[in-house]
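Spelled out, the chains give:
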Amino acid sequence: MLIKPPSDIRSSEITDKSLYLNRRAFMRAAAVAAGAAATACVSTDALAGSGQPAAHGRKLENVKSSPLSTSELPNTWEQITTYNNYYEFGTDKDSPSRYARGFKTTPWTVAVEGECNKKAVYHLEDILKGQTLEDRIYRHRCVERWSMVIPWVGFPLSSFINKCEPTSKAKFVEFTTLADDRQMPGLASGVLPWPYVEGLRMDEAMHPLTILVVGLYGEVLPNQDGAPLRVHIPWKYGFKSGKSIVKIRFVEKQPVNTWQRAAADEYGFYANVNPTVDHPRWSQAKERRLPSLFTNTPTQIFNGYGDQVASMYAGMDLRKNF
Ligand SMILES: Nc1nc2c(c(=O)[nH]1)N[C@H]1C(S)=C(S)[C@@H](COP(=O)(O)O)O[C@H]1N2
Ligand SMILES: [Mo]
């Protein structure tokens, strides 16, 4: 990984050839993605309901499947890319698919700041260099009660964090996502305080289930799903999963996430999926598994990942720490 200022060394000089070619394939795919986004949105409509991923020519190379995937059937490409929350591109569920088409995801940098030894601005391509990508089919539950099953492509956040060498003072990780009013029409609405900020406790961030996502159905991540880099924490409500991340900051104090800032009585820091702790305005006991119209699927504690994550919250009052 590049730890010098971006212009200093090209990664092709310091990686072996196969990794380099691998990276090239990704960058080529990403470049095509930028140009093909509009067509991709159109062509996927034709595949609605087929249950098969669309082939957009943006395939990611060398993706291995993960034993941490759920065996449930994933939602379709169409469902995953036309029913989105991404308020920077508008608040209707189909707004992101409409207004994020021309969103520019290359070049992309991520600033690493705060309590760590490797503070720098990293090129995304260097973050990905030599990084094994995995298919991770995860349950995804929004606090609004809809849910999906999504075949992400990503890698453990822990593997990036380790390279940043956090200090002993790093107790939390804060994610800041892009706020560019030239590209994001939703920013003008003032519906949330921008930029969108999220955070995780260090053990949550280091948990093997927590991933940085770069793809969907084996292809480059579509813009409306958070391209080029978003996080996903499958046992938490969807709002924890910040999209289009541009800054990762290691901090001592618990960050104030955007939804908490907007409505602290409705959205907490932890946001663990919990059928027994209601949102003040609605029950969380059931969910609507898209494309169903009915909110009749029982919600599982920690979104069904309790065996793997519950121990992190032992002794905590989950009503207070909602
Ligand atoms: N930057 C940013 N990230 C965001 C959001 C957003 O509005 N802006 N919405 C969040 C919410 S509420 C959810 S449910 C998920 C939705 O992810 P998806 O559209 O890929 O399903 O993204 C999360 N990440
Ligand atoms: Mo959400």
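Figured I'd write up the structure that's included with this text. Quick caveat: nothing in here was measured; it's all calculated off a predicted structure. (Residues numbered from 1 in each chain as written. Chains lettered and ligands numbered in written order. Predicted model: local features only at pLDDT ≥ 70, side-chain atom pairs only at ≥ 80, totals over all residues. Heavy atoms only, no water.)

### What to know about the overall build of the chain
Turning to step 1, where the next piece is worked out: The helix and strand inventory of the chain stands at 9 helices and 13 strands.
Turning to step 2, where the next piece is worked out: In the chain, buried positions account for 54% of the 322 residues.
Turning to step 3, where the next piece is worked out: The long-range fraction of contacts in the chain, counting pairs at least 24 apart against all pairs at least 6 apart in sequence, stands at 72%.
Turning to step 4, where the next piece is worked out: Per element, the accessible surface of the chain, about 13,800 Å² overall, is 52% carbon and sulfur. (Helix = DSSP H or I, 4+ residues; strand = E, 2+ residues; numbered from the N terminus. Buried < 20%, exposed > 50% of the residue type's maximum accessible area, 1.4 Å probe, protein only. Contact = heavy atoms within 4.5 Å. Areas by Shrake-Rupley, 256 points an atom, 1.4 Å probe, with all protein chains shown as cover.)

### So, the site of ligand 1
Turning to step 1, where the next piece is worked out: The environment of ligand 1 is formed by 18 residues, the closest being Tyr 87, Glu 88, His 140, Ser 241 and Lys 243.
Turning to step 2, where the next piece is worked out: Take Tyr 87: an N or O atom from its main chain is 2.8 Å from an oxygen atom of ligand 1.
Turning to step 3, where the next piece is worked out: Here Ser 241 contributes a backbone N or O atom positioned 2.7 Å from a nitrogen atom of ligand 1.
Turning to step 4, where the next piece is worked out: Given that more than half its atoms are within 2 Å of the pocket grid, ligand 1 belongs to the largest pocket.
Turning to step 5, where the next piece is worked out: Class assignment of the residues belonging to the shell around ligand 1 gives a composition of 7 nonpolar, 7 polar and 4 charged. (Near = heavy atom within 4 Å. Polar contact = N/O pair within 3.5 Å; in protein donor to acceptor, adjacent residues only side chain to side chain. 1 Å grid on protein atoms, 1.4 Å probe; cavity = no way out; pocket = protein on both sides within 12 Å on 5 of 7 lines; lining within 4 Å. Sits in = over half its atoms within 2 Å of the grid points. Nonpolar A, V, L, I, M, F, W, Y, C, P; charged D, E, K, R; others polar.)

### Looking at the sheet that holds strand S11 (residues 245–251)
Turning to step 1, where the next piece is worked out: An order of S3-S2-S11-S6-S7 is seen for the 5 strands of this open sheet, with the pairing classed as mixed. For this open sheet the edge positions go to strand S3 (120–123) and strand S7 (197–201), each flanked by a neighbour on one side alone. Recorded for the sheet is a direction-independent mean angle of 20° between the axes of neighbouring strands.
Turning to step 2, where the next piece is worked out: Of the strand pairs in this sheet, strand S2 (residues 109–114) and S11 are connected by 4 bridges, and their pairing is parallel. Among the inter-strand pairings, Glu 113 is bridged to a residue of S11, identified as Arg 249.
Turning to step 3, where the next piece is worked out: On the sheet, helix H6 (residues 157–164) packs against S2, S3, strand S6 (172–177), S7 and S11 and is oriented at approximately 65° with respect to S11. (Pairing = 2+ DSSP bridges. Axes fitted to C-alpha atoms, helices over the stretch in contact; angles between N-to-C directions.)

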